[in-house]
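Coordinate inspection notes
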There are 2 protein chains.
Amino acid sequence: MQNKPAASPLIPIDPRARGGLQKQIYAGIRRAILNGTLRPGARLLSSRAMAADLAVSRTTMLLAMDQLRAEGYVTARRGSGMFVVDELPDDLPQPPVRINKPAATHPPLSRRGAALSATPPASRRLTGPPRAFRIGSPALDLFPRRVWSQLVRRCLKSLPAAGLDYGDPAGLPALRAAIAAHVGASRGTHCDADQVFIVAGAARGLDLLCRVLLDPGDLVWLEEPGYSGAWSAALGAGARIHPVRVDDEGLDVAAGAGSAPAARLVFVTPSHQYPLGVAMSLPRRLALLRWAGSAGAWVLEDDYDSEFRYSTHAVPCLHGLDTGERVIYVNSFSKNLFPALRLGFIIVPKDLRRQLFSSRSAADMHPPVLDQMVLAEFMEGGHFERHVRRMRAVYRERLEALAAAAERWCGGALRLRPVRTGLHAVADLVGVDGESVYREAAARGVEVTPLSAYYWGEAQPVEALVMGFAAVDPAALNLGMERLAAAIEAAARPTSRRRAD
Amino acid sequence: MQNKPAASPLIPIDPRARGGLQKQIYAGIRRAILNGTLRPGARLLSSRAMAADLAVSRTTMLLAMDQLRAEGYVTARRGSGMFVVDELPDDLPQPPVRINKPAATHPPLSRRGAALSATPPASRRLTGPPRAFRIGSPALDLFPRRVWSQLVRRCLKSLPAAGLDYGDPAGLPALRAAIAAHVGASRGTHCDADQVFIVAGAARGLDLLCRVLLDPGDLVWLEEPGYSGAWSAALGAGARIHPVRVDDEGLDVAAGAGSAPAARLVFVTPSHQYPLGVAMSLPRRLALLRWAGSAGAWVLEDDYDSEFRYSTHAVPCLHGLDTGERVIYVNSFSKNLFPALRLGFIIVPKDLRRQLFSSRSAADMHPPVLDQMVLAEFMEGGHFERHVRRMRAVYRERLEALAAAAERWCGGALRLRPVRTGLHAVADLVGVDGESVYREAAARGVEVTPLSAYYWGEAQPVEALVMGFAAVDPAALNLGMERLAAAIEAAARPTSRRRAD
């Protein structure tokens, strides 16, 4: 490997110490070889460069290296410089000592840290590439990679050197304008480009917002069942979390208003409740806005998956119904483009812009500039609209395949609830519990998540599975369903029940 | 513009409402045109696509469009579909109404939010490309863009579809391995790749750590003067901040231990104090570790700029001296590569890995996968090492140019303190205050930051400037210094003093 990077161990040198520089350098490099900092076969920097690094003369450096070579620690290869030997000499002047560090004596995590680290992500992924029935992943193999690559090349070429510097803390202006145009045309709400802030995904947006809108101890409504990212963001801000149940019309506003009237913030997924998939009814939307107005509460609307409607009339987002500027809109490009991109956005009231701008700028964290440029061009060029439209047809087909396969393989044991929007379905289990099915399915290489994993409070979940249908094609969905049927059968056997206890 | 994206306004449709679907669609599109959701000249989706969108028959859609065309709201262009007219008809059946939204009635920010948004970023940037004496920006025009672009192309090509999915919450394994090898060889510390977490810059790393290590009300030492990112992270976590003064040997450990012995966390920049530039002495480092051990406190070491040493022997990082696993190492690629990349990393104790992994995974926020891949290849190919080495020589030259220009233009009015590491200098002012000089310099297109901007507590700062020397070449530094001399002269005049009052 010609390009192998050259190593230069960091040697603490004290010019006043006894024994002189040469000995210190010799001892330092030897120690680095013995304790493994310099691995066998590692290429060393040239003696000239190392001398410069350590601020010693080249002669001193050469003398130290000569000694190391004489003792068999390093070896020279013609034309390529010095290398640590592959096998250390047997007759080491001093055998390598394994330093036994004492057991960690550091303090524990904070209470918040412990609570955060005990919050598992709700969806249960197996490792490896997309498979049936992964949640949260779109059809990655159908992403127009060639168009994206062309735009990356073009942006890399046209980016001025100043484009490598820190960017606008609110995000790239061109991308913010493209997003404002997009939500205006397709989500039934208005905003100016400068109300849009680009964030590293929806979870990061919630995080940023909880931080500036909540003080420790503030009360927050979260949907039950609900999204773990909202749970983490609220916990991270030190909020008290009040789970509010979700029914067929979405968040039960009356229940929340009755049990936690003093909440300061509500997190809600009105277009497509996560994970149940129901749309919030118009009366509920209006009730939520009325309540928030009288209670003086913020509403964070996560509008994820709203592009993927299959059979319903579109309902404008809550943000579009809000006249009091108390709804903050959050969305992500993870589902309509791809999750590895880590881009999303929030839309904030005009009079919050300056404050959010400076709190974010102090924390110094806009997403990478190049990614924002590429996405802006992707949207401006109409590729985004085209891709979403194309995917809508693909996902409709996959949803039909899911329903057909469930019917074919699982019969009455798995009952799919109607899906009108989004990339996942909820399926009720009959006579078997979700946790057992999850385990048996995982053992067969099939990903399903028990609905119970999305419950955080005291509500009693029904036995059901949450199943994605977007990530793989109809054939893979069918095969996955065949295996899932076997998993359900296995989970229903008495032995498996015992194991679950 | 052939590629102009087509718009489809979101129309709320109620199948039970009086007047039928056609009338609702007509009214909805008209409303969107009148209120500006659909801009003049906007291209509409095909009637077929709109019908599918709204889940109505194409005939219904065509009838609604005919009415809109007859009334002059939309127009057809042969072969390109329907467009909103550029000029709206004068005899509108109903004039456009400007909806006067009531003034915002939303709640205020939280106390924390208000405090965060009142934290200005310390360094004072003017808008526009790099200029003398920008802080925190490296020589962006010397970044090996061609190599980087080649790697981007290669990674985009080789990335499997699964690479577009969510990645490892701790970061890309190949990048973590490259970083572990790098700090092992050049920073005098050891870690395994799985102790490395990739974060979106150092500030984001501090943010993540403060969140899991601190509870609201916990006491934190911050350096005074110090880094605003650490201030934000501590504030964001709800911590109580105790500023501890910095002298010629770095953080004054005895002062901190005397005034705030119960601190739970210390933030420190030992290699190159931000912004003073001093290196923490070995006795101080040992005292800090001893104190942290007895107090049960965490130490967050920000090792920024440590690659750029000019004349001193390298001092191993604090992390390498720590035997109690209480030091967490933080670094960024903003200075040694480029800020727009938004990548950095933290190194955590082994027994914290699992907890940090799950709290991060719940919050769902690894940096973009492609950027991580490219950086991993950049490091593995030896490009990182080469670039840093090359830049070290460039920055040494620029530092010399800065000193020569200060001598030439400012004489005794500006006294540069010695610079041994990093990309900025501190310069004492004589007989004039930093704020006035900042204002006069900004008026002349020159960026300097008063040292006082980095003080948060009660300590009385001396009048000095913080000046970057890496972002522009010697000629630009010289020109900037000529202008700065004029600014200092102007600031010293009585009128300017009055303006400052």
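Residues numbered from 1 in each chain as written. Chains lettered and ligands numbered in written order. Predicted model: local features only at pLDDT ≥ 70, side-chain atom pairs only at ≥ 80, totals over all residues. Heavy atoms only, no water.

So, about the relation of the copies chain B and chain A. Placing chain B over chain A gives an RMSD of 0.1 Å and needs a rotation angle of 180°, together with 0.0 Å of translation along the axis. Those values place the two copies in the arrangement expected of a two-fold rotation axis. Of the residues that chain B buries at the interface, 100% are likewise interface residues in chain A, meaning the two copies contact each other through the same surface. (Least-squares fit on C-alpha atoms with pLDDT ≥ 70 in both. Contact = heavy atoms within 4.5 Å.)

All names here are of chain A. Sheet architecture is open: eight strands sit in the order β3-β10-β9-β8-β7-β4-β5-β6, paired in mixed fashion. Every interior strand has two partners, whereas the edge strands, β3 (196-199) and β6 (250-251), have only one. For strand β5 (residues 240-247) and β6, the ladder comprises two bridges, and the chain directions are antiparallel. When the bridges of β6 are listed, Val-246 appears paired with Leu-251. Sheet strands in contact with helix α7 (residues 202-213) are β3, β7 (265-268), β8 (298-302), β9 (327-332) and β10 (344-347), and its direction is about 155° off that of β9. (Pairing = 2+ DSSP bridges. Helix = DSSP H or I, 4+ residues; strand = E, 2+ residues; numbered from the N terminus. Axes fitted to C-alpha atoms, helices over the stretch in contact; angles between N-to-C directions.)

Residues and elements named next belong to chain A. Interhelical geometry of helix α14 (residues 383-410) versus helix α16 (residues 474-492) gives an angle of 30° and a closest axis separation of 9 Å. Comparing the axis directions of α14 and α16 gives the class roughly parallel. Crossing hand, α14 versus α16: right-handed. Listed contacts from α16 to Glu-397, Arg-398, Ala-401, Leu-402, Ala-405, Ala-406, Arg-408, Trp-409 and Cys-410 of α14 are Pro-474, Leu-477, Asn-478, Met-481, Glu-482, Ala-485 and Ile-488. (Parallel < 35°, antiparallel > 145°, perpendicular 65-115°, else oblique. Left-handed = near helix turned anticlockwise from the far one by under 90°.)

Right, let's talk about the side chain of His-387 of chain B for a bit. Residues and elements named next belong to chain B. In this structure, His-387 sits in helix α14 (residues 383-410). For His-387, a relative accessible area of 5% gives the class buried. Ignoring sequence-local partners within four residues, the contact set of His-387 consists of Leu-142, Phe-143, Pro-144, Asn-336 and Leu-337. (Buried < 20%, exposed > 50% of the residue type's maximum accessible area, 1.4 Å probe, protein only.)

All names here are of chain B. Here helix α1 (residues 20-34) crosses helix α3 (residues 58-70) at 45°, and the two axes come no closer than 9 Å. By the criterion of interaxial angle, the relationship of α1 to α3 is oblique. In this structure, α1 crosses over α3, and the sense of that crossing is right-handed. Two secondary-structure elements touch here, α1 through Leu-21, Gln-22, Ile-25, Tyr-26, Ile-29 and Arg-30 and α3 through Thr-60, Met-61, Leu-63, Ala-64, Met-65, Gln-67 and Leu-68. Across the contact of α1 with α3, the residue classes break down as nine nonpolar, three polar and one charged. (Nonpolar A, V, L, I, M, F, W, Y, C, P; charged D, E, K, R; others polar.)

All names here are of chain B. In this model, Ala-132 is joined to Phe-133 through a cis peptide bond whose omega is 0°. Within the fold, Phe-133 resides in the loop between α4 (111-117) and α5 (145-158). Of the consecutive residues Tyr-274 and Pro-275, the connecting peptide bond is found in the cis state with omega at 10°. Within the secondary structure, Pro-275 is located in the loop between β7 (265-268) and α10 (282-295). Positive phi is not limited to glycine here, since Arg-342 has a value of about 55°.

With that settled, the discussion passes to the packing of aromatic side chains. Inspection of the entire model under this criterion finds 32 aromatic pairs over all chains. Each ring, one from Tyr-274 of chain A and one from Tyr-454 of chain A, has its centre 5.5 Å from the other, and the planes form 80°; the classification is edge-to-face. Within this pair, whereas Tyr-274 of chain A is found in the loop between β7 and α10 (282-295), its partner Tyr-454 of chain A is found in the loop between β13 (449-450) and β14 (464-468), the two being separated by 180 residues in sequence. The exposure class of Tyr-274 of chain A is buried, given its relative accessible area of 14%. Taking 6.2 Å as the distance between ring centres and 35° as the angle between the ring planes, the aromatic pair formed by Tyr-227 of chain B and Phe-267 of chain B counts as tilted. Of this pair, Tyr-227 of chain B sits in the loop between β4 (219-224) and α8 (228-236) while Phe-267 of chain B is found in strand β7, placing the two residues 40 residues apart along the sequence. Residue Tyr-227 of chain B is classed as buried on the basis of its relative accessible area of 18%. Through a chain of ring-to-ring contacts, the aromatic side chains of Tyr-227, Phe-267, Tyr-274, Tyr-304 and Tyr-454 of chain A assemble into a single cluster. Its guanidinium or amino end placed over the ring of Tyr-438 of chain B, Arg-124 of chain B lies 4.6 Å from that ring's centre, counting from NZ or CZ. (Phe/Tyr/Trp six-rings, centres within 6.5 Å; stacked < 30°, edge-to-face > 60°. Lys NZ or Arg CZ within 6 Å of the ring centre and 35° of its normal.)

Turning our eyes to something else, we now look at helix α13 (residues 369-380) of chain B. Helix length check: α13 of chain B (twelve residues) gives 16 Å between terminal C-alpha atoms against 16 Å at 1.5 Å per residue, within 8%. Of all twelve residues making up α13 of chain B, ten are buried, and the element is well covered by its neighbours. When α13 of chain B is considered as a whole, its buried residues turn out to be Val-369, Leu-370, Asp-371, Gln-372, Met-373, Val-374, Leu-375, Ala-376, Phe-378 and Met-379 of chain B. Of the surrounding secondary structure, the elements contacted by the buried residues of α13 of chain B are α13 (369-380) of chain A together with α5, α6 (173-186), β3 (196-199) and α14 of chain B. Looking at the residues trailing α13 of chain B, positive phi occurs at Gly-382 of chain B, about 85°. (Expected span 1.5 Å × (residues − 1).)

Residue and element names in this part refer to chain B. With four bridges joining them, strand β1 (residues 74-77) and strand β2 (residues 81-84) adopt antiparallel strand pairing. Bridged to Val-74 within β2 is Val-84. In this structure, the hairpin formed by β1 and β2 is closed by a connection of three residues, where Gly-79 is found at a positive phi of approximately 80°.

Here we come to the nonpolar core. Here is a general trend for soluble globular proteins: nonpolar side chains tend to be buried in one another's company. In this structure, Leu-414 and Leu-484 of chain A together with Leu-414 and Leu-484 of chain B are the most contacted members of the largest nonpolar core, which totals 152 residues. Formed by 96 residues, the second largest nonpolar core is a distinct cluster that contains Val-199 and Leu-265 of chain A together with Leu-214 and Ala-234 of chain B. (Core = buried A, V, L, I, M, F, W, Y, C linked by side-chain atoms within 4.5 Å.)

This part takes up the environment of Leu-126 of chain B. All names here are of chain B. By the secondary structure assignment, Leu-126 is in the loop between α4 and α5. C-alpha of Leu-126 to C-alpha of Glu-301: the two residues are 175 residues apart in sequence and 29 Å apart in space. Excluding anything up to four places from it in sequence, Leu-126 contacts Arg-131, Arg-134, Ala-442, Gly-445, Val-446 and Glu-447.

This next bit is on the interface of chain B and chain A. Where the parts come together, the accessible area they lose is often given as the size of the interface. Facing 129 residues of chain B, the contacting portion of chain A comprises 129 residues. A combined buried area of about 10,200 Å² lies between chain B and chain A, and 54% of that area is made up of carbon and sulfur atoms. Across the salt bridge formed by Asp-207 of chain A and Arg-211 of chain B, the nearest N and O atoms sit 2.4 Å from each other. Where chain B packs against chain A, one counts 40 residue pairs in polar contact (both at pLDDT 80 or more). (Buried area = accessible area lost by both parts, 1.4 Å probe. Salt bridge = Lys/Arg side-chain N within 4 Å of Asp/Glu carboxyl O. Polar contact = N/O pair within 3.5 Å; in protein donor to acceptor, adjacent residues only side chain to side chain.)

Turning to the pattern of salt bridges, a few remarks are in order. Evaluated as defined, the whole model comprises 40 salt bridges over all chains. Notably, a salt bridge pairs Asp-168 of chain A with Arg-176 of chain A, separated by 3.5 Å at the nearest N-O pair. Asp-168 of chain A gets classed as partly exposed once you look at its relative accessible area, which sits at 28%. For Arg-176 of chain A, a relative accessible area of 8% translates into the label buried. For the salt bridge of Arg-389 of chain A with Glu-385 of chain A, the shortest nitrogen-to-oxygen distance reads 3.8 Å. Placement of the pair is Arg-389 of chain A and Glu-385 of chain A together in helix α14, with a separation of four residues, close to one helical turn. Counted as one network, the salt bridges with shared partners bring together Arg-125, Arg-131, Arg-134 and Glu-447 of chain A together with Asp-165 of chain B.

Let us now look at the pairing of strand β8 (residues 298-302) of chain B. Note on strand geometry: in a regular strand, side chains alternate between the two faces of the sheet. All names here are of chain B. Burial analysis of β8 places five of its five residues in the buried class, the great majority of the element. Here β8 shows no split at all, with Trp-298, Leu-300 and Asp-302 on one side and Val-299 and Glu-301 on the other all buried. Inspection of the sheet shows β7 paired to β8 by four bridges, in the parallel sense. Bridging from a neighbouring strand, Val-268 pairs with Glu-301 of β8. Following the backbone out of β7, through α10 and into the adjacent parallel β8, one traces a crossover that is right-handed. Across four bridges, the pairing between β8 and strand β9 (residues 327-332) is parallel. Bridging across to β9, Leu-300 finds its partner in Ile-328. (Right-handed = clockwise from strand over helix to strand, strands pointing away.)

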